[in-house]
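# Tertiary structure, described
In case you want the letters, here they are:
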Amino acid sequence: MNENSKIYVAGHRGLVGSAIVRKLQEKGYNNIVYRTSAELDLRDKPQVDAFFAEEKPEFVFLAAAKVGGIVANNEYPAEFIHDNLLIQSNIIDAAYRNGVEKLLFLGSTCIYPKLAPQPLKEEYLLTGALEPTNEPYAIAKIAGIKMCESYNRQYGTKYISAMPTNLYGPNDNFDLHTSHVLPALLRKFHEAKENNAPFVEMWGTGTPKREFLYSDDLADACVFLMNTYEGNEIVNIGVGEDITIKELGEKVKAVVGYEGNIQFDTSKPDGTPRKLVDVTKLNGLGWKAETDLADGLRKAYQWFLDNELAAAK
(Lines give C-alpha, C1' and ligand atoms only; values in the text may rest on other atoms or scores of the structure.)
Protein backbone atom coordinates (compact mmCIF):
# COMPACT_ATOMS: atom_id res chain seq x y z
CA MET A 1 0.00 0.00 0.00
CA ASN A 2 1.07 3.57 -0.58
CA GLU A 3 -0.41 6.74 0.92
CA ASN A 4 -2.82 7.18 -1.99
CA SER A 5 -4.00 3.56 -2.22
CA LYS A 6 -7.77 3.24 -1.87
CA ILE A 7 -8.36 1.17 1.27
CA TYR A 8 -11.71 -0.19 2.44
CA VAL A 9 -12.06 -1.03 6.14
CA ALA A 10 -15.15 -3.18 6.68
CA GLY A 11 -16.42 -2.81 10.24
CA HIS A 12 -14.72 0.55 10.83
CA ARG A 13 -16.71 1.42 13.96
CA GLY A 14 -15.93 -1.77 15.88
CA LEU A 15 -13.04 -2.56 18.19
CA VAL A 16 -10.82 -3.93 15.41
CA GLY A 17 -11.91 -1.79 12.47
CA SER A 18 -11.64 1.51 14.34
CA ALA A 19 -8.12 0.58 15.48
CA ILE A 20 -7.14 -0.22 11.88
CA VAL A 21 -8.49 3.15 10.69
CA ARG A 22 -6.54 4.95 13.44
CA LYS A 23 -3.36 3.08 12.56
CA LEU A 24 -3.71 3.73 8.82
CA GLN A 25 -4.24 7.44 9.43
CA GLU A 26 -1.31 7.52 11.84
CA LYS A 27 0.89 5.99 9.15
CA GLY A 28 -0.17 8.51 6.51
CA TYR A 29 -2.73 6.55 4.48
CA ASN A 30 -5.32 9.14 3.47
CA ASN A 31 -7.65 7.39 1.02
CA ILE A 32 -9.76 5.24 3.33
CA VAL A 33 -13.37 4.36 2.55
CA TYR A 34 -15.99 2.84 4.83
CA ARG A 35 -19.72 2.66 5.38
CA THR A 36 -21.86 2.31 8.48
CA SER A 37 -24.15 -0.71 8.76
CA ALA A 38 -27.09 1.64 8.17
CA GLU A 39 -25.53 2.75 4.88
CA LEU A 40 -24.42 -0.70 3.74
CA ASP A 41 -25.78 -4.02 4.99
CA LEU A 42 -22.87 -6.39 4.46
CA ARG A 43 -25.23 -9.36 4.66
CA ASP A 44 -26.92 -8.16 1.46
CA LYS A 45 -24.97 -9.32 -1.61
CA PRO A 46 -26.47 -6.82 -4.12
CA GLN A 47 -25.59 -3.94 -1.78
CA VAL A 48 -22.03 -5.19 -1.31
CA ASP A 49 -21.57 -5.76 -5.06
CA ALA A 50 -22.83 -2.24 -5.83
CA PHE A 51 -20.50 -0.71 -3.24
CA PHE A 52 -17.41 -2.47 -4.63
CA ALA A 53 -18.36 -1.62 -8.22
CA GLU A 54 -18.72 2.04 -7.27
CA GLU A 55 -15.72 2.50 -4.97
CA LYS A 56 -13.23 0.02 -6.50
CA PRO A 57 -10.99 -0.31 -3.42
CA GLU A 58 -7.47 -1.61 -3.97
CA PHE A 59 -6.98 -3.05 -0.48
CA VAL A 60 -9.56 -4.47 1.94
CA PHE A 61 -9.37 -5.09 5.69
CA LEU A 62 -12.26 -7.42 6.49
CA ALA A 63 -12.86 -6.61 10.16
CA ALA A 64 -16.67 -6.64 10.05
CA ALA A 65 -18.25 -9.48 12.05
CA LYS A 66 -20.92 -10.35 14.55
CA VAL A 67 -18.97 -10.98 17.75
CA GLY A 68 -19.64 -11.60 21.43
CA GLY A 69 -18.65 -13.52 24.54
CA ILE A 70 -19.88 -16.83 25.98
CA VAL A 71 -23.37 -15.52 26.81
CA ALA A 72 -24.00 -14.07 23.35
CA ASN A 73 -22.57 -17.13 21.59
CA ASN A 74 -24.80 -19.41 23.65
CA GLU A 75 -27.98 -17.41 23.08
CA TYR A 76 -27.62 -16.38 19.43
CA PRO A 77 -25.84 -19.25 17.63
CA ALA A 78 -27.97 -18.89 14.49
CA GLU A 79 -27.06 -15.22 14.06
CA PHE A 80 -23.39 -15.92 14.73
CA ILE A 81 -23.09 -18.46 11.94
CA HIS A 82 -25.57 -16.87 9.51
CA ASP A 83 -24.44 -13.25 9.67
CA ASN A 84 -20.72 -13.99 9.62
CA LEU A 85 -20.98 -16.40 6.69
CA LEU A 86 -22.89 -13.81 4.67
CA ILE A 87 -20.62 -10.86 5.54
CA GLN A 88 -17.36 -12.55 4.66
CA SER A 89 -18.69 -14.42 1.63
CA ASN A 90 -20.13 -11.24 0.10
CA ILE A 91 -16.98 -9.18 0.68
CA ILE A 92 -14.45 -11.80 -0.44
CA ASP A 93 -16.36 -12.53 -3.64
CA ALA A 94 -16.95 -8.85 -4.42
CA ALA A 95 -13.25 -8.16 -3.84
CA TYR A 96 -12.34 -10.76 -6.45
CA ARG A 97 -14.93 -9.55 -8.98
CA ASN A 98 -13.78 -5.96 -8.67
CA GLY A 99 -10.04 -6.49 -8.88
CA VAL A 100 -9.01 -5.84 -5.27
CA GLU A 101 -5.23 -6.13 -5.09
CA LYS A 102 -5.07 -7.63 -1.61
CA LEU A 103 -7.47 -8.52 1.21
CA LEU A 104 -6.82 -9.29 4.87
CA PHE A 105 -9.45 -11.45 6.58
CA LEU A 106 -9.66 -11.27 10.38
CA GLY A 107 -10.48 -14.59 11.97
CA SER A 108 -10.21 -15.64 15.62
CA THR A 109 -8.23 -18.09 17.73
CA CYS A 110 -11.52 -19.86 18.56
CA ILE A 111 -10.98 -21.66 15.21
CA TYR A 112 -8.56 -24.00 16.98
CA PRO A 113 -9.66 -27.24 18.65
CA LYS A 114 -10.78 -26.93 22.27
CA LEU A 115 -8.11 -29.33 23.52
CA ALA A 116 -5.33 -28.48 21.07
CA PRO A 117 -1.76 -28.47 22.43
CA GLN A 118 -0.57 -25.13 23.82
CA PRO A 119 0.57 -22.74 22.55
CA LEU A 120 -1.69 -22.85 19.50
CA LYS A 121 0.25 -23.26 16.27
CA GLU A 122 -1.29 -22.37 12.91
CA GLU A 123 -1.10 -25.98 11.75
CA TYR A 124 -3.51 -27.12 14.50
CA LEU A 125 -6.48 -25.84 12.49
CA LEU A 126 -9.02 -28.62 11.81
CA THR A 127 -7.22 -31.22 13.93
CA GLY A 128 -9.92 -31.69 16.58
CA ALA A 129 -13.33 -30.74 18.00
CA LEU A 130 -14.13 -27.08 18.66
CA GLU A 131 -15.24 -25.45 21.93
CA PRO A 132 -19.05 -26.03 21.89
CA THR A 133 -19.98 -22.60 23.27
CA ASN A 134 -18.64 -20.75 20.22
CA GLU A 135 -18.70 -23.46 17.55
CA PRO A 136 -21.09 -21.64 15.14
CA TYR A 137 -18.88 -18.53 15.16
CA ALA A 138 -15.70 -20.61 14.81
CA ILE A 139 -17.11 -22.58 11.86
CA ALA A 140 -18.03 -19.34 10.10
CA LYS A 141 -14.48 -18.05 10.58
CA ILE A 142 -12.98 -21.32 9.33
CA ALA A 143 -15.17 -21.01 6.24
CA GLY A 144 -13.74 -17.51 5.68
CA ILE A 145 -10.19 -18.83 5.91
CA LYS A 146 -10.93 -21.60 3.44
CA MET A 147 -12.71 -19.18 1.10
CA CYS A 148 -9.61 -16.97 0.99
CA GLU A 149 -7.39 -19.99 0.38
CA SER A 150 -9.71 -21.30 -2.34
CA TYR A 151 -9.89 -17.97 -4.18
CA ASN A 152 -6.10 -17.72 -4.02
CA ARG A 153 -5.74 -21.20 -5.48
CA GLN A 154 -8.35 -20.87 -8.21
CA TYR A 155 -8.11 -17.20 -9.15
CA GLY A 156 -4.57 -16.21 -8.12
CA THR A 157 -5.80 -13.61 -5.63
CA LYS A 158 -3.70 -12.39 -2.69
CA TYR A 159 -6.01 -12.84 0.28
CA ILE A 160 -4.43 -13.42 3.68
CA SER A 161 -5.97 -14.54 6.97
CA ALA A 162 -4.89 -13.38 10.42
CA MET A 163 -6.01 -14.98 13.70
CA PRO A 164 -5.94 -12.51 16.58
CA THR A 165 -6.09 -13.62 20.19
CA ASN A 166 -8.51 -12.04 22.71
CA LEU A 167 -8.71 -8.31 22.06
CA TYR A 168 -9.55 -5.20 24.08
CA GLY A 169 -9.29 -1.43 23.71
CA PRO A 170 -11.17 1.67 22.48
CA ASN A 171 -14.64 1.06 20.97
CA ASP A 172 -14.95 -2.27 22.74
CA ASN A 173 -18.37 -3.64 23.67
CA PHE A 174 -18.91 -3.05 27.40
CA ASP A 175 -22.43 -4.51 27.55
CA LEU A 176 -22.47 -7.07 30.37
CA HIS A 177 -24.81 -9.35 28.44
CA THR A 178 -22.96 -9.59 25.13
CA SER A 179 -19.34 -8.53 25.72
CA HIS A 180 -16.13 -10.51 26.10
CA VAL A 181 -14.57 -11.11 29.50
CA LEU A 182 -12.17 -8.17 29.77
CA PRO A 183 -14.51 -5.26 28.93
CA ALA A 184 -17.24 -6.93 31.00
CA LEU A 185 -14.90 -7.01 33.99
CA LEU A 186 -13.96 -3.36 33.55
CA ARG A 187 -17.63 -2.40 33.72
CA LYS A 188 -18.40 -4.83 36.55
CA PHE A 189 -15.59 -3.56 38.76
CA HIS A 190 -16.35 0.07 37.94
CA GLU A 191 -20.02 -0.32 38.86
CA ALA A 192 -19.09 -2.22 42.03
CA LYS A 193 -16.75 0.63 42.98
CA GLU A 194 -19.43 3.25 42.32
CA ASN A 195 -22.05 1.30 44.31
CA ASN A 196 -19.70 0.31 47.14
CA ALA A 197 -20.59 -3.33 46.48
CA PRO A 198 -18.89 -5.78 48.88
CA PHE A 199 -17.86 -8.18 46.11
CA VAL A 200 -17.72 -8.73 42.35
CA GLU A 201 -18.91 -12.05 40.98
CA MET A 202 -16.92 -13.64 38.17
CA TRP A 203 -17.95 -16.65 36.08
CA GLY A 204 -16.40 -20.07 36.40
CA THR A 205 -13.45 -21.16 38.51
CA GLY A 206 -10.97 -18.45 37.54
CA THR A 207 -8.46 -21.08 36.43
CA PRO A 208 -8.71 -20.86 32.59
CA LYS A 209 -5.83 -18.96 31.04
CA ARG A 210 -6.24 -16.28 28.42
CA GLU A 211 -4.02 -14.01 26.34
CA PHE A 212 -5.00 -10.38 25.71
CA LEU A 213 -3.86 -8.13 22.86
CA TYR A 214 -4.45 -4.38 22.79
CA SER A 215 -6.43 -3.41 19.69
CA ASP A 216 -3.92 -0.82 18.46
CA ASP A 217 -1.22 -3.48 18.49
CA LEU A 218 -3.47 -5.74 16.42
CA ALA A 219 -4.03 -2.91 13.95
CA ASP A 220 -0.30 -2.36 13.63
CA ALA A 221 0.17 -6.08 12.92
CA CYS A 222 -2.59 -6.00 10.28
CA VAL A 223 -1.01 -3.09 8.42
CA PHE A 224 2.37 -4.83 8.69
CA LEU A 225 0.97 -8.07 7.23
CA MET A 226 -0.88 -6.26 4.46
CA ASN A 227 2.42 -4.71 3.38
CA THR A 228 4.73 -7.69 3.84
CA TYR A 229 2.94 -11.06 3.85
CA GLU A 230 1.65 -12.98 0.84
CA GLY A 231 1.48 -16.57 2.09
CA ASN A 232 -1.63 -18.73 1.78
CA GLU A 233 -1.28 -19.97 5.37
CA ILE A 234 -2.96 -18.30 8.34
CA VAL A 235 -0.92 -16.14 10.74
CA ASN A 236 -1.54 -15.85 14.49
CA ILE A 237 -1.48 -12.40 16.08
CA GLY A 238 -0.88 -12.24 19.81
CA VAL A 239 1.56 -11.36 22.56
CA GLY A 240 2.73 -14.91 23.34
CA GLU A 241 1.88 -14.68 27.07
CA ASP A 242 -1.27 -15.52 29.05
CA ILE A 243 -2.71 -15.17 32.56
CA THR A 244 -5.50 -16.86 34.52
CA ILE A 245 -8.94 -15.26 34.61
CA LYS A 246 -8.46 -14.85 38.37
CA GLU A 247 -5.22 -12.90 37.75
CA LEU A 248 -7.04 -10.80 35.17
CA GLY A 249 -9.72 -10.00 37.72
CA GLU A 250 -7.07 -8.83 40.19
CA LYS A 251 -5.43 -6.63 37.55
CA VAL A 252 -8.75 -5.05 36.55
CA LYS A 253 -9.61 -4.53 40.22
CA ALA A 254 -6.33 -2.66 40.71
CA VAL A 255 -6.74 -0.47 37.60
CA VAL A 256 -10.32 0.48 38.54
CA GLY A 257 -9.42 1.06 42.17
CA TYR A 258 -12.08 -1.27 43.57
CA GLU A 259 -11.46 -2.37 47.17
CA GLY A 260 -14.01 -5.18 47.64
CA ASN A 261 -13.62 -8.92 47.13
CA ILE A 262 -13.87 -11.26 44.14
CA GLN A 263 -16.17 -14.29 44.25
CA PHE A 264 -16.45 -17.03 41.62
CA ASP A 265 -19.71 -18.62 40.46
CA THR A 266 -18.48 -22.13 39.66
CA SER A 267 -21.88 -23.13 38.25
CA LYS A 268 -21.10 -20.98 35.19
CA PRO A 269 -18.99 -22.29 32.28
CA ASP A 270 -15.26 -21.74 32.04
CA GLY A 271 -14.98 -22.13 28.27
CA THR A 272 -11.71 -23.36 26.78
CA PRO A 273 -9.15 -24.28 29.50
CA ARG A 274 -6.34 -22.37 27.81
CA LYS A 275 -5.96 -20.37 24.64
CA LEU A 276 -2.44 -19.08 24.07
CA VAL A 277 -1.28 -18.54 20.50
CA ASP A 278 2.14 -19.38 19.16
CA VAL A 279 3.43 -16.16 17.58
CA THR A 280 6.74 -17.60 16.33
CA LYS A 281 5.67 -17.12 12.72
CA LEU A 282 4.65 -13.46 13.13
CA ASN A 283 7.71 -12.63 15.23
CA GLY A 284 9.86 -14.28 12.55
CA LEU A 285 8.32 -12.00 9.93
CA GLY A 286 9.50 -9.02 11.98
CA TRP A 287 6.57 -7.94 14.16
CA LYS A 288 6.11 -8.08 17.95
CA ALA A 289 3.40 -6.65 20.26
CA GLU A 290 4.45 -3.59 22.28
CA THR A 291 1.62 -2.81 24.76
CA ASP A 292 1.83 -4.66 28.09
CA LEU A 293 -1.42 -5.66 29.79
CA ALA A 294 -1.22 -3.19 32.69
CA ASP A 295 -0.71 -0.23 30.34
CA GLY A 296 -3.41 -1.50 27.96
CA LEU A 297 -5.90 -1.90 30.80
CA ARG A 298 -5.31 1.68 31.95
CA LYS A 299 -5.93 2.95 28.41
CA ALA A 300 -9.05 0.81 27.97
CA TYR A 301 -10.49 1.90 31.32
CA GLN A 302 -9.85 5.55 30.54
CA TRP A 303 -11.61 5.17 27.20
CA PHE A 304 -14.55 3.57 29.01
CA LEU A 305 -14.73 6.50 31.43
CA ASP A 306 -14.40 9.13 28.69
CA ASN A 307 -16.79 7.55 26.18
CA GLU A 308 -19.16 4.91 27.52
CA LEU A 309 -19.96 6.69 30.76
CA ALA A 310 -19.91 10.17 29.22
CA ALA A 311 -22.40 9.05 26.55
CA ALA A 312 -24.71 7.62 29.22
CA LYS A 313 -24.93 10.92 31.08
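Residues numbered from 1 in each chain as written. Predicted model: local features only at pLDDT ≥ 70, side-chain atom pairs only at ≥ 80, totals over all residues. Heavy atoms only, no water.

## Remarks on the nonpolar core
Counting 41 residues, the largest nonpolar core has Tyr-8, Leu-42, Phe-52, Ile-91 and Leu-103 as its most contacted members. Listing elements by their share of this core, those giving two or more residues are strand S1 (7-10), helix H2 (45-55), strand S3 (59-62), helix H4 (77-97), strand S4 (102-106), helix H5 (135-155) and strand S5 (159-164). Tallying contributions element by element places H5 first for this core, with seven residues. Counting residues in each nonpolar core, the second largest holds 32 residues, with Leu-15, Leu-104, Ala-162 and Met-226 among its members. (Core = buried A, V, L, I, M, F, W, Y, C linked by side-chain atoms within 4.5 Å. Buried < 20%, exposed > 50% of the residue type's maximum accessible area, 1.4 Å probe, protein only. Helix = DSSP H or I, 4+ residues; strand = E, 2+ residues; numbered from the N terminus.)

## Quick notes on the pairing of S5
With six of six residues buried, S5 lies mostly within the body of the structure. A two-sided burial pattern is seen for S5, the buried positions comprising Tyr-159, Ser-161 and Met-163 on one face and Ile-160, Ala-162 and Pro-164 on the other. Two strands pair when backbone bridges link them, and S4 and S5 are joined in this way by four bridges, in the parallel orientation. Bridge pairing links Leu-106 to Ala-162 in S5. Here S5 runs beside strand S10 (residues 235-237); their pairing, made up of three bridges, is parallel. Along S10, the bridge assignment pairs Pro-164 with Ile-237. (Pairing = 2+ DSSP bridges.)

## Quick word on the sheet that holds S10
With parallel pairing, the six strands of this open sheet are ordered in space as S2-S1-S3-S4-S5-S10. Since the sheet does not close on itself, it has two edges, and those belong to strand S2 (32-33) and S10, each with one partner. Two elements, S3 and S4, share four bridges in a ladder whose sense is parallel. Bridge pairing links Val-60 to Leu-103 in S4. Most of the contacts of helix H1 (residues 15-26) go to S1, to which it runs at about 155°, and overall it touches S1, S2, S3 and S4. (Contact = heavy atoms within 4.5 Å. Axes fitted to C-alpha atoms, helices over the stretch in contact; angles between N-to-C directions.)

## What about helix H6 (residues 181-194)?
Over its 14 residues, H6 extends 20 Å from the first C-alpha to the last, a length consistent with the 20 Å expected when each residue adds 1.5 Å. Phi for Asn-196, located one or two positions after H6, is positive at around 55°. (Expected span 1.5 Å × (residues − 1).)

## Some thoughts on the layout of surface pockets
Roughly 270 Å³ of volume is contained in the second largest pocket. Forming the walls of the second largest pocket are 15 residues, and the residues nearest its centre are Val-239, Glu-241, Thr-291, Asp-292 and Leu-293. For the lining of the second largest pocket, the class distribution of residues is five nonpolar, three polar and seven charged. (1 Å grid on protein atoms, 1.4 Å probe; cavity = no way out; pocket = protein on both sides within 12 Å on 5 of 7 lines; lining within 4 Å. Points joined across faces, edges and corners; volume = space filled by probe spheres on them. Nonpolar A, V, L, I, M, F, W, Y, C, P; charged D, E, K, R; others polar.)

## Describing the environment of Leu-282
Along the chain, the position of Leu-282 falls in helix H9 (residues 280-285). Overall, Leu-282 belongs to the buried group, its relative accessible area being 0%. In sequence terms Leu-282 and Asn-236 are 46 residues apart; their C-alpha atoms lie 6.8 Å from each other. Those residues in contact with Leu-282 that lie beyond four places of it in its chain are Phe-224, Leu-225, Val-235, Asn-236, Ile-237 and Trp-287.

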